[in-house]
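Chains, contacts and geometry: an overview
The residues making up each chain are set out below.
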Amino acid sequence: MMSRFAKRQLINRINMTIAVLMTVFGVFWVVWILWTTLRLGLPAISLHLFTQDTPPPGSEGGGLRNAFVGSLILLGIAVAVGTPIGVLAGTWLGEFAVRHRLGAVVRFLNDILLSAPSIVIGLFAYAILVDPLGHFSAFSGGVALALILIPVVVRTTDEMLRLVPGPLREAAIALGTPYWMVVTRITWKAASTGILTGIILGVARISGETAPLLFTALNNQYFNTDLWHPIANLPVVIFQFAMSPYANWQQMAWAGAFIAVLFILILSIGSRWLLSRHARS
Amino acid sequence: MNGSEVAAAGERYAGAASERTSARRSRTSVADFLFRKGTGFVAFLVAITLVAVMVSLIIEGWQALHTFGWRFLVTTTWDPVTNAFGALVFIVGTLVSSAIAMLIAVPVSFGIALFISELSPGWLRGPVSAVIELLAAIPSIIYGMWGLLVFAPWFAAIEPWINDHLGAIPGIGMLFQGPPMGIGMLTAGIVLAIMIIPFIASIMRDVFMITPPALKESAYALGATTWEVARRVILPYTRTAVTGGIFLGLGRALGETMAVTFIIGNANNLSASLLMPGSSIASVIANEFTEATTSLYKSSLLALGLILFVITFIVLALAKLLLLRLEAGEGSKS
């Protein structure tokens, strides 16, 4: 017969072992997925991946040049549209609405937007841009991505501005500085690293987004830089190629996946490094 | 003396000499006013985006909702040829795949959070957290590819075992009978679970870490084991936030698109077995949207988007409210 104490000890030991196993379980998937992208993606990397456009179905050779360029253009539009809107809205929250009822409502809605399904955002962009204009376009894809980027930037800007010590503002005001100048010259500057980190994290998030681009930027087999026409982009090309039965396409999808993951990892690690350096100084 | 009297007195004493200063001051206050209202307007735009999304989806999905009425929600036919559309198969698919994901992700996230906050040596905490958070950084399309081309073949190899063992259990056995294809509802649920673990685990970890040490230590002093402290002290104390974190994960799972599209199998019918292919709202939109030729077809897909939006909005709003209650509670306790 086991004593009560021994039984409690046993339960504890079993459950703690399970907790350790769960952690190993979680880490296991990260390692498996990253290893797969490395194993299948790295051998498929070659120079013509960057110099040639996507090949037609079933043919050999080709590259992803149009998709890389298209993705960069889409990211560019998203950052150009999303960053000013995100920073200004975040500034209102962090400077004028810290203990504000309306501020709490905006924060609440922004947080929901932050987690809203990206496919729904894509449908929205379709409804407001593609449907009225009558055709798919790079611009609508960029706007869809901007809509996903904005809540990330709003949130980090808000949080970073609230971390700026109040006395810094008071000192500036005491010197007679108008408040808009206090914000643009002092608090934005103090919070700049944090805000930049938010933008980088947001870009890392949207650079892998596929679903909203399916009905906005669509895809394009050819090289295109015209914002009013469909444009090739890495995620949708990966989707199309990975689902296809052609070995050449699948291989290229892995190469694209490897580059996408590498890009995102560099951005995430870079922003972490930026933030930790900022925290130390 | 009230404010206006002070101002009047100030003006009398300052006299004409300060005319230039006051002109500058009024320019400044105009600039301040514009800055404040301008940023406020942009914030307002961000806030009404959600309303705009809702309204645009209602408008675009109206044709389908109007044609089929409430039957859109409860019929299972999805036939572009005869222009008959019902959403039930996809609603069920979304709910079932998310339910499987939650069944796996919640206990695993709890274990991970417990490990990081209570068991891990200090030097391991940072690295383990960072690795788990990497799961959230990997784009969903990569999960999809990996799921279809690597995980599914591997999973197909163990499905006969699931057939033989879980499939033999009376009652729930029928859930686990079917051809070993590797793709299907169960595979989608498992991959979804992996994708939402980082979201749930990081919230659980954060709230476990801020449980007051005095609470934990007093339980330890009474002779409680680590498990008992976790079960009877930490979990009750952080219950609200833990629930909020779980809902946040659920919101993610419900709307996840690309990974599910790759591995759920894309069959437009209901089947009892979890090993059979199915479809979710998000996956059918992703698959069929560019092929939708008739306006009723397209409108039906947009109405599906509206349903998904409403479900996730409710779940995410609940999550946020639960997490807000924690923030408010923190304030009153400190």
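Residues numbered from 1 in each chain as written. Chains lettered and ligands numbered in written order. Predicted model: local features only at pLDDT ≥ 70, side-chain atom pairs only at ≥ 80, totals over all residues. Heavy atoms only, no water.

Details of the overall build of chain A
Per the secondary structure count, chain A includes twelve helices and zero strands. Start at the N end of chain A and walk to the C end: the helices and strands fall as α-α-α-α-α-α-α-α-α-α-α-α. Whereas a compact globule of 281 residues would reach a radius of gyration of roughly 19 Å, chain A reaches 24 Å, over 25% beyond that. In terms of its C-alpha atoms, chain A occupies a principal-axis envelope of roughly 75 × 70 × 35 Å. Looking at the 281 residues of chain A, the share that counts as buried comes to 54%. Counting contacts in chain A only where the partners sit at least 6 residues apart, residues at least 24 apart contribute 73% of the total. For chain A, the exposed surface amounts to about 12600 Å²; the carbon and sulfur share of it is 69%. Positive and negative side-chain charges in chain A, numbering 18 and 10 respectively, have mean positions lying 18 Å apart. (Helix = DSSP H or I, 4+ residues; strand = E, 2+ residues; numbered from the N terminus. Rg over C-alpha atoms; globule rule 2.2 N^0.38 Å. Buried < 20%, exposed > 50% of the residue type's maximum accessible area, 1.4 Å probe, protein only. Contact = heavy atoms within 4.5 Å. Areas by Shrake-Rupley, 256 points an atom, 1.4 Å probe, with all protein chains shown as cover. Lys, Arg positive; Asp, Glu negative; His and termini not counted. Charge placed at Lys NZ, Arg CZ, Asp CG, Glu CD.)

Let's talk about the packing of helix H7 (residues 185-209) of chain B against helix H9 (residues 226-255) of chain B
Residues and elements named next belong to chain B. One way to put it is that H7 packs onto H9 with a least axis distance of 9 Å and a crossing angle of 150°. It follows that H7 is roughly antiparallel to H9 by the angle criterion. Here the hand of the crossing between H7 and H9 comes out right-handed. Each of Leu192, Ile196, Phe199, Ile200, Ile203, Met204, Val207 and Phe208 in H7 lies in contact with H9, whose residues at this interface are Ile234, Leu235, Thr238, Ala241, Val242, Gly245, Ile246, Leu248, Gly249, Arg252 and Ala253. Here the residues of the contact of H7 with H9 are counted per class, giving 15 nonpolar, three polar and one charged. (Axes fitted to C-alpha atoms, helices over the stretch in contact; angles between N-to-C directions. Parallel < 35°, antiparallel > 145°, perpendicular 65-115°, else oblique. Left-handed = near helix turned anticlockwise from the far one by under 90°. Nonpolar A, V, L, I, M, F, W, Y, C, P; charged D, E, K, R; others polar.)

Describing the domain arrangement of chain B
All names here are of chain B. The domain boundaries assigned to chain B delineate domain 1 (1-68) and domain 2 (88-333). Taken together, the contacts link 13 residues of domain 1 with eleven residues of domain 2. Roughly 1000 Å² of surface becomes buried between domain 1 and domain 2 when both sides are summed, with 79% attributable to carbon and sulfur atoms. Counting every contact that joins domain 1 to domain 2 gives zero salt bridges. Counting across the interface, domain 1 meets domain 2 through four residue pairs in polar contact (both at pLDDT 80 or more). When the residues that make up the side of domain 1 that touches domain 2 are grouped by side-chain class, the tally is nine nonpolar, three polar and one charged. (Domains from an automatic or database assignment. Buried area = accessible area lost by both parts, 1.4 Å probe. Salt bridge = Lys/Arg side-chain N within 4 Å of Asp/Glu carboxyl O. Polar contact = N/O pair within 3.5 Å; in protein donor to acceptor, adjacent residues only side chain to side chain.)

Things to note about the side chain of A:Thr36
The residue A:Thr36 is located in helix H1 (residues 4-41) in this model. Judged by relative accessible area, A:Thr36 falls into the buried class, the value being 1%.

Comments concerning the environment of B:Ala259
Residue and element names in this part refer to chain B. Here Ala259 is to be found in helix H10 (residues 258-263). Using a relative accessible area of 1% as the deciding quantity, one classes Ala259 as buried. Taking the C-alpha atoms as reference points, Ala259 and Gly147, 112 residues apart in sequence, are found 7.4 Å from one another. Ala259 has contacts with Ser140, Tyr143, Gly144, Val191 and Met195, leaving out every residue within four places of it along the chain.

Focus on the nonpolar core
The biggest cluster of nonpolar side chains holds 175 residues, and the ones touching the most others in it are B:Ile285 and B:Leu304. Residue contributions to this core peak at 17 residues, all from H7(B). When we break this core down by domain, the ones giving at least three residues each are domain 1 (1-68) and domain 2 (88-333) of chain B. The residues contacting B:Ile285, other than those within four sequence positions of it, are A:Ile119, A:Leu123, A:Phe215, B:Leu301, B:Leu304 and B:Gly305. (Core = buried A, V, L, I, M, F, W, Y, C linked by side-chain atoms within 4.5 Å.)

Observations regarding empty space enclosed by the protein
Residue and element names in this part refer to chain B. In total, this model carries three cavities of 30 Å³ or more according to the counting rule given. Lining the largest cavity, in full, are Ile112, Ile116, Ser129, Ile132, Glu133, Pro198, Ala201, Ser202 and Arg205. Among the elements of the structure, helix H4 (88-119), helix H5 (122-137) and H7 are those that each provide at least two residues to the lining of the largest cavity. Counting residues per element, the lining of the largest cavity draws most heavily on H7, which supplies four residues. Residue composition of the lining of the largest cavity, by class: five nonpolar, two polar and two charged. (1 Å grid on protein atoms, 1.4 Å probe; cavity = no way out; pocket = protein on both sides within 12 Å on 5 of 7 lines; lining within 4 Å. Points joined across faces, edges and corners; volume = space filled by probe spheres on them.)

Focus on the interface of chain A and chain B
In this assembly, 76 residues from chain A lie in contact with 76 residues from chain B. Summed over both partners, the interface of chain A with chain B comes to about 6800 Å²; 82% of that surface belongs to carbon and sulfur atoms. On inspection of chain A and its partner chain B, the count reaches three salt bridges. With its nearest N and O atoms 2.7 Å apart, the salt bridge here joins B:Glu133 to A:Arg272.

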